[in-house]
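Tertiary structure, described
What follows is the residue order along each chain.
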Amino acid sequence: MKSLYLRSGLALLCAVILSACGGGNGSLALSGTVSGLTKDGMVLVNTNTGEKLPIPNGTSTFVFTKLAAVDEQFNVIVDTQPTGAFCKPSGTTNTGKANVYTAYYIAFVCTANPWTLGGTVTGLDTKGLVLANGADTVAILPGASASTPVSFTFPTKVGDGSPFGVTILSQPKDTTKTCTLANNVGTMPGGDYSQIVVTCQ
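Figured I'd write up the structure that's included with this text. (Residues numbered from 1 in each chain as written. Predicted model: local features only at pLDDT ≥ 70, side-chain atom pairs only at ≥ 80, totals over all residues. Heavy atoms only, no water.)

**What about the state of the cysteines?**
Heads up, the rule is: When two cysteine sulfur atoms lie within 2.5 Å, the pair is treated as a disulfide. Segments assigned H or I by DSSP are reported as helices when at least four residues long, segments assigned E as strands when at least two residues long, and all are numbered from the N terminus. Accessibility here uses a 1.4 Å probe with only protein chains present; expressed as a share of the type maximum, an area under 20% marks a residue as buried, one over 50% as exposed, and anything in between as partly exposed.
By the definition in use, this model includes two disulfides. Put simply, cysteine 87 and cysteine 110 are joined by a disulfide, and their sulfur atoms are 2.1 Å apart. Taking the torsion about the sulfur-sulfur bond, which here is approximately 110 degrees, the covalent link between cysteine 87 and cysteine 110 counts as right-handed. Pair noted here: cysteine 87 is in strand β6 (residues 85-89) and cysteine 110 is in strand β8 (residues 106-112), with a separation of 23 residues, a long-range link. Summarising the burial analysis for this pair, cysteine 87 and cysteine 110 share the class buried. Each disulfide pairs two cysteine sulfurs, and for cysteine 179 the partner residue is cysteine 200, the sulfurs being separated by 2.0 Å. Across the disulfide from cysteine 179 to cysteine 200, rotation about the S-S bond amounts to roughly 105 degrees, and the bridge is consequently right-handed.

Here's what the structure looks like:
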């Protein structure tokens, strides 16, 4: 009888230990936040369980359906990057042992892929032409002659899918010519855009 009580006590102790060490049924929902996601296609995966979780465009929070036990190891990574953007964990919040301090604070930060914005100027024969895309500006110098096209790019890249609107901040000096713009308003495609046309005449 004493042996039976001893075995029962040991079994209960083992059950408690397993529960505390992640061997029992999970009770912690792995969840967190996503910031800056403006693209479709992002998928997270908890490599410990293999569960994949699609994250729709504009999502700010997420919750995995498979619960984790206390002290169970988790490692949440980006399985598929969104189209035209790149997402990464914020610090080391995406990996560790599950507890009330770690399971609910997984965070990812996303940024749109940056692309170069630019174009070509024709007919420019003097200095002073300045173009602007919002607060970003670029001064255009003339080529070897007025008939020589001049290429330009803005110093700051523009995120994939972001709007742009290029204007003439100042016309060239010491000339009777006036410059006009074409293809100067739109949305950044999935690559560099160099189709802005400036014509001075």
